Amino acid sequence: MIGYVECECLIYDAQSLKEKRAVLQRVVTRLKQKYNVSVAEIDHQDVWQRTKLGIVAITANRITTERELQRALEMIDSFPEIERTVTTFEWF
């Protein structure tokens, strides 16, 4: 089962693209290290305080895929410098 999540996020304290990318790099690196997911910034690359992340997980069944994606979203929520706003799931 393939699960795909798009989540829009706000990075309130970023005052430049450099600061935004530093936050995103920490988040993306931790997600890839800890969970079996692929992560990429898919929109708003040139905006300082806004981003959209795409996260994909592939496992044998939907329950395991959903659990992995939920854990990844919980990790994003654990970072104080980033706030997740709109989140959508898709299943293939």
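None of these values were measured; they are calculated from a predicted model.

K.L.:
I would appreciate a short explanation of the pattern of salt bridges in the present structure.
P.N.:
Think of it this way: side chains of opposite charge can pair up when their charged atoms draw near. Tallying each qualifying case throughout the model produces 6 salt bridges. A salt bridge links E8 to R50, with the nearest nitrogen and oxygen atoms 3.0 Å apart. Within this pair, whereas E8 is found in strand β1 (residues 2–10), its partner R50 is found in strand β3 (residues 50–58), the two being separated by 42 residues in sequence. Note on E8: relative accessible area 17%, which makes it buried.

K.L.:
Sorry, what's going on with helix α2 (residues 62–78) here?
P.N.:
Structural remark: α-helix, 3.6 residues per turn; residues separated by three or four positions point the same way. The terminal C-alpha atoms of α2 lie 24 Å apart, and with 17 residues this matches the ideal 24 Å at 1.5 Å per residue to within 8%. Of all the positions in α2, only T65, E68, L69, A72, L73, M75 and I76 are classed as buried. End-on, the buried residues of α2 take up no more than an arc of 155°, which puts them together on one face. Exposed and oriented more than 90 degrees from the buried face of α2 are I63, E74 and S78.

Quick notes on the rules
Residues numbered from 1 in each chain as written. Predicted model: local features only at pLDDT ≥ 70, side-chain atom pairs only at ≥ 80, totals over all residues. Heavy atoms only, no water. Salt bridge = Lys/Arg side-chain N within 4 Å of Asp/Glu carboxyl O. Helix = DSSP H or I, 4+ residues; strand = E, 2+ residues; numbered from the N terminus. Buried < 20%, exposed > 50% of the residue type's maximum accessible area, 1.4 Å probe, protein only. Expected span 1.5 Å × (residues − 1). Arc of directions from axis to C-beta.

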